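Coordinates in review
Listed below are the residues making up each chain.
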Amino acid sequence: SAVISQKPSRDICQRGTSLTIQCQVDSQVTMMFWYRQQPGQSLTLIATANQGSEATYESGFVIDKFPISRPNLTFSTLTVSNMSPEDSSIYLCSVEDPERGGMDTQYFGPGTRLTVL
Amino acid sequence: SQQGEEDPQALSIQEGENATMNCSYKTSINNLQWYRQNSGRGLVHLILIRSNEREKHSGRLRVTLDTSKKSSSLLITASRAADTASYFCATDPGANNLFFGTGTRLTVIP
């Protein structure tokens, strides 16, 4: 399966600031996804990020708040903008790696634990 | 909402016993997947079952799928303390998006 790393692993930020989370994959993948997991909750898909096109956002998430970059097939960033305490969550990226993991299976990074004060 | 629901929300068993978790969903699916999450960290993919499959095995894991009832179950046999984690089902309606269930917190007591 794909090996995925995220930076930072955790951060504590002040209200009103922005944080950019990086996701690096050890192989070229077409489809990358960003999820949010609020404390004690399940995962919610924020957006799908495919290289060469604009990210597709799920209902309730907007580009101004969560801008995403996907400059190449191994890397993506998610920015959490103008943060508030409600943004405190674990943010996870995932990929589909059909060549190594089969179709439709997603592999997840270790997550970034964000706390907003 | 396309989010699934799992029950029980929490399950505590003795090591060696079997653990069964259930997942119900609302929409038609292409496949259903089960993931494990340790201590709020990244998810580990366990098993994928497609809509035309009824049962699948992987090691100590057994997954069933009943599309007529829109439900799935995950059975972990001969549980170990290392199986302690949260388990999530995730449905794929065919658009490559995963919709996660609410999760079951499993505790295996040594």
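Along chain B, the regular secondary structure elements total zero helices and eleven strands. Secondary structure of chain B in N-to-C order comes out as β-β-β-β-β-β-β-β-β-β-β. Relative to its length of 110 residues, chain B is compact, with a C-alpha radius of gyration of 13 Å against a globular reference of 13 Å. Dimensions of chain B, computed from the C-alpha atoms along their principal axes, are close to 40 × 25 × 20 Å.

Here the focus is the interface of chain B and chain A. Each partner contributes to the interface: chain B provides 23 residues, whereas chain A provides 24 residues. The contact between chain B and chain A buries some 1700 Å² in all, and 45% of this surface belongs to carbon and sulfur atoms. At the junction of chain B with chain A, the criterion picks out zero salt bridges. Inspection of the region where chain B meets chain A yields three residue pairs in polar contact (both at pLDDT 80 or more). Put simply, the parts of the chain that give the side of chain B that touches chain A at least two residues each are strand E4 (31-37), strand E5 (43-50), strand E9 (85-92) and strand E10 (99-100) of chain B. Of the residues that constitute the side of chain B that touches chain A, the class distribution is seven nonpolar, 13 polar and three charged.

Parameters at a glance
- Residues numbered from 1 in each chain as written.
- Chains lettered and ligands numbered in written order.
- Predicted model: local features only at pLDDT ≥ 70, side-chain atom pairs only at ≥ 80, totals over all residues.
- Heavy atoms only, no water.
- Helix = DSSP H or I, 4+ residues; strand = E, 2+ residues; numbered from the N terminus.
- Rg over C-alpha atoms; globule rule 2.2 N^0.38 Å.
- Contact = heavy atoms within 4.5 Å.
- Buried area = accessible area lost by both parts, 1.4 Å probe.
- Salt bridge = Lys/Arg side-chain N within 4 Å of Asp/Glu carboxyl O.
- Polar contact = N/O pair within 3.5 Å; in protein donor to acceptor, adjacent residues only side chain to side chain.
- Nonpolar A, V, L, I, M, F, W, Y, C, P; charged D, E, K, R; others polar.

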